[in-house]
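So you can see what is in the structure, the chains are spelled out below.
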Amino acid sequence: MKLALATCLSALIATGAAANNVFVSNEKGNTVTVIDSDTWEVVTEFAAGNRPRGITISPDGALLYVCASDDDTVRVFDTTTFEELYALPSGPDPELFVLHPSGNPLYIANEDDNLVTVVDTESHTVLAEVPVGVEPEGMGISPNAAFVVNTSETTNMAHFIDTSDYKIKHNILVDQRPRYAHYTADGTKLYVTSEIGGTVSVIDIAEDGTPTLRKKISFEVPGVLPEWLQPVGAIATSDGKWLFVALGPANRIAVINAETDEVVDYIIVGQRVWQLAFTPDEKYLITTNGNSNDVTIIDVETQKALKSVEVGQQPWGVAVTPDRDG
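Procedures and definitions
Residues numbered from 1 in each chain as written. Predicted model: local features only at pLDDT ≥ 70, side-chain atom pairs only at ≥ 80, totals over all residues. Heavy atoms only, no water. Helix = DSSP H or I, 4+ residues; strand = E, 2+ residues; numbered from the N terminus. Rg over C-alpha atoms; globule rule 2.2 N^0.38 Å. Buried < 20%, exposed > 50% of the residue type's maximum accessible area, 1.4 Å probe, protein only. Contact = heavy atoms within 4.5 Å. Lys, Arg positive; Asp, Glu negative; His and termini not counted. Charge placed at Lys NZ, Arg CZ, Asp CG, Glu CD. Salt bridge = Lys/Arg side-chain N within 4 Å of Asp/Glu carboxyl O. 1 Å grid on protein atoms, 1.4 Å probe; cavity = no way out; pocket = protein on both sides within 12 Å on 5 of 7 lines; lining within 4 Å. Points joined across faces, edges and corners; volume = space filled by probe spheres on them. Nonpolar A, V, L, I, M, F, W, Y, C, P; charged D, E, K, R; others polar. Phe/Tyr/Trp six-rings, centres within 6.5 Å; stacked < 30°, edge-to-face > 60°. Lys NZ or Arg CZ within 6 Å of the ring centre and 35° of its normal.

*Asks:* Sorry, what's going on with the overall build of the protein chain here?
*Replies:* Assigned secondary structure in the protein chain consists of one helix and 28 strands. Since a compact globule built from 326 residues should have a radius of gyration of about 20 Å, the 19 Å found for the protein chain is in line with a globular shape. The dimensions of the protein chain, computed from C-alpha atoms along their principal axes, are 65 × 50 × 35 Å. For the protein chain, the proportion of its 326 residues judged to be buried stands at 57%. Summarising the internal contacts of the protein chain: among those between residues at least 6 apart in sequence, 40% fall at separations of at least 24. The averaged location of the 46 negative side-chain charges in the protein chain is 4 Å from the averaged location of its 20 positive side-chain charges.

In structure tokens form, the structure reads like this:
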């Protein structure tokens, strides 16, 4: 009787937490840590292949996609049971990817082969391989899904790929080692972070998708060496008011007024902050801190760090299940 009750309780916990699970890929631990966003307690940790980095979730919240970089594949898990369901072809060394808003296809950066691989998530087949610049990493997709943007670390460019024919239509030169590309929710701006350049490029997007570089945001923190200010992950609130940028070894999140594109504050977090994700209501921002092996929870309204949660070895990416009721 006790065993049956415990089993039922575990099932209820798993089911109830599924709409609010935070998944953190641990690059050196070869695992994914699961955190309940209501309690900020670790639910479990499971094996996710060799060197898991990029991580995202299907629009319906049912599937978790993980770039297992050293396995040259994308592993797909059930977000409720955490069981691996299958693997998708990815090309060599998948690092970051972005999913079409419909859930299909998946666009993957292959750093070693200078390609973006397009994969059908239903048929599990490769639809296209798009040659891009040297060492592609960052991936972003416009809200209308007309363009996918890839950033190439060595070429120092953002490549705009037309999703209708997989051809590059525009290239924008940015600063050294671009790592991440993020569109605003209304699709009028694209932010590209440059890790070594120490800037965020603000690119205006015309109605037809044509990009124009407008300005570059730089950073300055008293007592922090300029070379430590290395922008990596970036995410903007859906209302277009705030942009948050992870500054790597500076151990800070830059808070940027997204209406003026000016830095207004910095939030101290864990060591070597890398990637970012909101909870579905955008009440909380989660940061992955690779060298302190934890994540920081930030209150978005007050822009204050609330707590840290210990995860696996060298956390890299983070994704949160959407609210399936909403």
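Read on for the rest.
*Asks:* Would you mind going over the pattern of salt bridges with me for this structure?
*Replies:* Under the defined criterion, the tally for this structure stands at 17 salt bridges. In this structure, arginine 177 engages glutamate 153 in a salt bridge whose closest nitrogen and oxygen atoms are separated by 2.7 Å. Taken together, the residues arginine 177 in the loop between β15 (167–173) and β16 (178–183) and glutamate 153 in the loop between β13 (147–152) and β14 (157–162) connect sequence positions 24 residues apart. Owing to a relative accessible area of 5%, glutamate 153 belongs among the buried residues under this scheme. Three or more residues are tied together by salt bridges with common partners; here these are Arg53, Asp93, Glu95, Glu137, Glu153, Arg177, Arg179 and Glu195.

*Asks:* So what exactly am I meant to see when it comes to empty space enclosed by the protein here?
*Replies:* Regions of empty space are outlined by a rolling probe, equal in size to a water molecule, passed over the atoms. In this structure the tally under the stated criterion is one cavity of 30 Å³ or more. For the largest cavity, the calculated volume is near 30 Å³. Surrounding the largest cavity, Tyr107, Val116, Val118, Val130, Val148, Ile161, Thr163 and Tyr166 form its lining. Residues belonging to the lining of the largest cavity are distributed by class as follows: seven nonpolar, one polar and no charged.

*Asks:* I'm lost on the packing of aromatic side chains in this one. Help?
*Replies:* Aromatic ring pairs are described here by two measures, namely the spacing of the ring centres and the angle between the planes. Going through the model one piece at a time under the given rule, you end up with five aromatic pairs. Between phenylalanine 244 and phenylalanine 278 the ring centres are 6.2 Å apart and the planes differ by 80 degrees, which places this aromatic pair in the edge-to-face class. Note that phenylalanine 244 is positioned in strand β21 (residues 242–246) and phenylalanine 278 in strand β24 (residues 273–278), a separation of 34 residues in sequence. A residue is classified by how much of its surface remains accessible, and phenylalanine 244, at 0% relative accessible area, is buried. Put simply, the rings of Phe23, Phe46, Phe77 and Phe82 pair up and form one aromatic cluster. Across the ring face of tryptophan 274, the terminal group of arginine 272 is positioned such that the distance to the ring centre comes to 4.2 Å.

*Asks:* I keep staring at the side chain of glutamine 303 and nothing clicks. Help me out?
*Replies:* Relative to the helices and strands, glutamine 303 resides in the loop between β26 (294–299) and β27 (304–310). Classification of glutamine 303 as buried rests on a relative accessible area of 13%. Not counting residues within four places of it along the chain, the set of residues in contact with glutamine 303 comprises Trp242, Phe244, Val255, Ile267 and Ile298.

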